[in-house]
Amino acid sequence: MERIYLKKEYCCGCSACYNTCPTQAIHMKPDEEGFLYPVIDQALCIDCNSCVNVCPLICDGNYKEKTIPEFLAAKHKSEEVLMNSTSGGVFTAISDAILREGGVVYGADYDDKFHVLHKRAENYDQRNRMRISKYVQSNMGDIFKQIKNDLIDKRKVLFTGTPCEAAGLRGYMGNSPFNENLYICDLICHSIPSPLIWEDYKRLLEKEYGGKLTSIQFRSKIMDWSRENSNKTFIFTTSNSEEIHNDERFYKLFFGEKTIMRPSCEKCRFTDIHRASDITIADYWGIEKYAPEWMDKKGVSVILINNKKGEDLFKKCSEELKYEKRPKEESLAEQQRLSQPVKFPESRKKFWDDYRKHGFEYIIKQLNK
Ligand SMILES: Cc1cc2nc3c(=O)[nH]c(=O)nc-3n(C[C@H](O)[C@H](O)[C@H](O)COP(=O)(O)OP(=O)(O)OC[C@H]3O[C@@H](n4cnc5c(N)ncnc54)[C@H](O)[C@@H]3O)c2cc1C
């Protein structure tokens, strides 16, 4: 097999193909925008087609639920959890349920240089590192293989990630008899920004503020949790001082301009009410209009219960949450990614041309104009 995907738009970088290849003929390589794509070593490839058979973009229809989910508004009862979560802290509640039963949790974490990557958590400390959205594409590495091994060992497993990663895992697991203990939670996902721009952005902050980055938090609640304000906060510290800095350029660069998203996001097949997961979590945008009694500026989640497994998982943690059923129309009106993919601006090509020609600092100066 020469290549798995025909165009970049048809590869979401979930790494299902890399994880499944029986001869290790596939490795994931970053392109000039920093996104990982599979590359096949022809000398090792035995043309078995396993990579194509697990690809969530080639076989997407098979992985989506057919029924309409149930929609809930929810928030964690613990103030500590709320203040250390992006939305209403539902990730902590559902992952607690799995950890309590001796299970393992997979989600996005940082390494010591703040690269974003998926990791495995067996205890609360490891799980807490997965809290808070990291708005950069996560490197999945061999996580799907690790998940299968945990399932073979009869552990309960919770996987959390973007919709395409969730679909990639469903593709990778296929009809495995070990699926019974696997719970998949995805996010409503706007689109996924470039790890290369993330590297440049971190370097720029270190240059401007001095020292090395020592902590980072996307979308903090220091102002409040609201559509208007939480996007204005990107807080960090560096080794130079204990001062907490906020950089407002983050949102414009990462989401406002829509120029640094993965090409496949514009063709995303998972911006749909029919999910490729058991349970879906996101911000309950618009709650202040529909149910103002819920709005306390500390975060409210929307939960989509997509099937019986999602219902079972929710029941395991419902004691920790305040929740109520809500009409699906509210989230359909507020969350574009439940009905259509992101649309890139015409300036996307110019952005990358300028980046290659003039470098990142030039790009940042253009943003400020
Ligand atoms: C790239 C991205 C785009 C998003 N777009 C939207 C949107 O358009 N609308 C909306 O309402 N919500 C969106 N979300 C979801 C939202 O930001 C929260 O992650 C979600 O509501 C969970 O919040 P929480 O309080 O329950 O948990 P938190 O404790 O904040 O949990 C964070 C969860 O997100 C996962 N995660 C964090 N970073 C990544 C990553 N880079 N890749 C994969 N998984 C990750 C973790 O594994 C964990 O499960 C997006 C999240 C991401 C990562």
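Since this is a predicted model, take the numbers as computed values, not measurements. (Residues numbered from 1 in each chain as written. Predicted model: local features only at pLDDT ≥ 70, side-chain atom pairs only at ≥ 80, totals over all residues. Heavy atoms only, no water.)

Regarding the site of the ligand
Turning to step 1, where the next piece is worked out: Neighbouring the ligand are 33 residues; Ser87, Ser133, Lys134, Ile188 and Gln335 lie closest to it.
Turning to step 2, where the next piece is worked out: Measuring from an oxygen atom of the ligand, one finds a backbone N or O atom of Ala108 at 2.9 Å.
Turning to step 3, where the next piece is worked out: In the complex, the protein chains occlude 97% of the 890 Å² of accessible area that the ligand would expose alone.
Turning to step 4, where the next piece is worked out: Spatially, the ligand is embedded in the largest pocket.
Turning to step 5, where the next piece is worked out: At the level of elements, α4 (90–100), β4 (104–110), β6 (157–161) and β11 (279–283) are the ones that each hand at least two residues to the shell around the ligand.
Turning to step 6, where the next piece is worked out: Of the residues forming the shell around the ligand, the biggest block, three residues, is contributed by β11. (Near = heavy atom within 4 Å. Polar contact = N/O pair within 3.5 Å; in protein donor to acceptor, adjacent residues only side chain to side chain. Areas by Shrake-Rupley, 256 points an atom, 1.4 Å probe, with all protein chains shown as cover. 1 Å grid on protein atoms, 1.4 Å probe; cavity = no way out; pocket = protein on both sides within 12 Å on 5 of 7 lines; lining within 4 Å. Sits in = over half its atoms within 2 Å of the grid points. Helix = DSSP H or I, 4+ residues; strand = E, 2+ residues; numbered from the N terminus.)

Quick look at the sheet that holds β4
Turning to step 1, where the next piece is worked out: Read from one edge to the other, the open sheet built from eight strands follows the order β5-β4-β6-β7-β11-β12-β3-β13, with strand pairing classed as mixed. Two strands bound the open sheet, and with one partner strand each, they are β5 (116–121) and β13 (321–325). Mean inter-strand twist for the sheet, computed between neighbouring axes without regard to direction, equals 25°.
Turning to step 2, where the next piece is worked out: Note: strand β7 (residues 182–187) against β11, three bridges, orientation parallel. Within the sheet, the bridge partner assigned to Leu187 lies in β11 and is Ile281.
Turning to step 3, where the next piece is worked out: On the sheet, α4 packs against β3 (70–76), β4, β5, β6, β7, β11, β12 (301–305) and β13 and is oriented at approximately 140° with respect to β4.
Turning to step 4, where the next piece is worked out: The strands touched by helix α7 (residues 163–173) are β5, β6 and β7; relative to β7, the strand with the most contacts, the crossing angle is about 155°. (Pairing = 2+ DSSP bridges. Axes fitted to C-alpha atoms, helices over the stretch in contact; angles between N-to-C directions. Contact = heavy atoms within 4.5 Å.)

With respect to the pairing of β7
Turning to step 1, where the next piece is worked out: Most of β7 sits inside the fold, with five of its six residues counted as buried.
Turning to step 2, where the next piece is worked out: Relative to β7, β6 is paired through five bridges, and the arrangement is parallel. Looking at the pairing, Val157 lines up with Leu182 of β7.
Turning to step 3, where the next piece is worked out: Traced from β6 through α7 to β7, the parallel crossover comes out right-handed. (Buried < 20%, exposed > 50% of the residue type's maximum accessible area, 1.4 Å probe, protein only. Right-handed = clockwise from strand over helix to strand, strands pointing away.)

Details of helix α8 (residues 195–209)
Turning to step 1, where the next piece is worked out: The first and last C-alpha atoms of α8 sit 21 Å apart over 15 residues, in line with the 21 Å expected at 1.5 Å per residue.
Turning to step 2, where the next piece is worked out: At the N-terminal end of α8, a side-chain oxygen is found 3.0 Å from the backbone nitrogen of Leu196, two or three residues along, and the residue is Ser194.
Turning to step 3, where the next piece is worked out: Positive backbone phi, approximately 80°, marks Gly210, located one or two places after α8. (Expected span 1.5 Å × (residues − 1).)

So, the domain arrangement of the protein chain
Turning to step 1, where the next piece is worked out: Domain annotation for the protein chain reports domain 1 (8–61) and domain 2 (67–192 + 262–338).
Turning to step 2, where the next piece is worked out: For domain 1 versus domain 2, the distance between C-alpha centres works out to 24 Å.
Turning to step 3, where the next piece is worked out: Contacts between the two partners involve 21 residues from domain 1 and, on the opposite side, 21 residues from domain 2.
Turning to step 4, where the next piece is worked out: Overall, the association of domain 1 and domain 2 removes approximately 1800 Å² of surface from exposure, summing both partners, and the carbon and sulfur fraction of that is 59%.
Turning to step 5, where the next piece is worked out: Taken together, the links from domain 1 to domain 2 amount to zero salt bridges.
Turning to step 6, where the next piece is worked out: Along the contact surface separating domain 1 from domain 2 lie nine residue pairs in polar contact (both at pLDDT 80 or more). (Domains from an automatic or database assignment. Buried area = accessible area lost by both parts, 1.4 Å probe. Salt bridge = Lys/Arg side-chain N within 4 Å of Asp/Glu carboxyl O.)

Considerations on the layout of surface pockets
Turning to step 1, where the next piece is worked out: One number sums up the size of the largest pocket: a volume of about 1100 Å³.
Turning to step 2, where the next piece is worked out: At the level of secondary structure, the elements contributing two or more residues to the lining of the largest pocket comprise α4, β5, β6, α9 (249–256) and β11.
Turning to step 3, where the next piece is worked out: Here the lining of the largest pocket is built from residues that sort into 19 nonpolar, 18 polar and eight charged. (Points joined across faces, edges and corners; volume = space filled by probe spheres on them. Nonpolar A, V, L, I, M, F, W, Y, C, P; charged D, E, K, R; others polar.)

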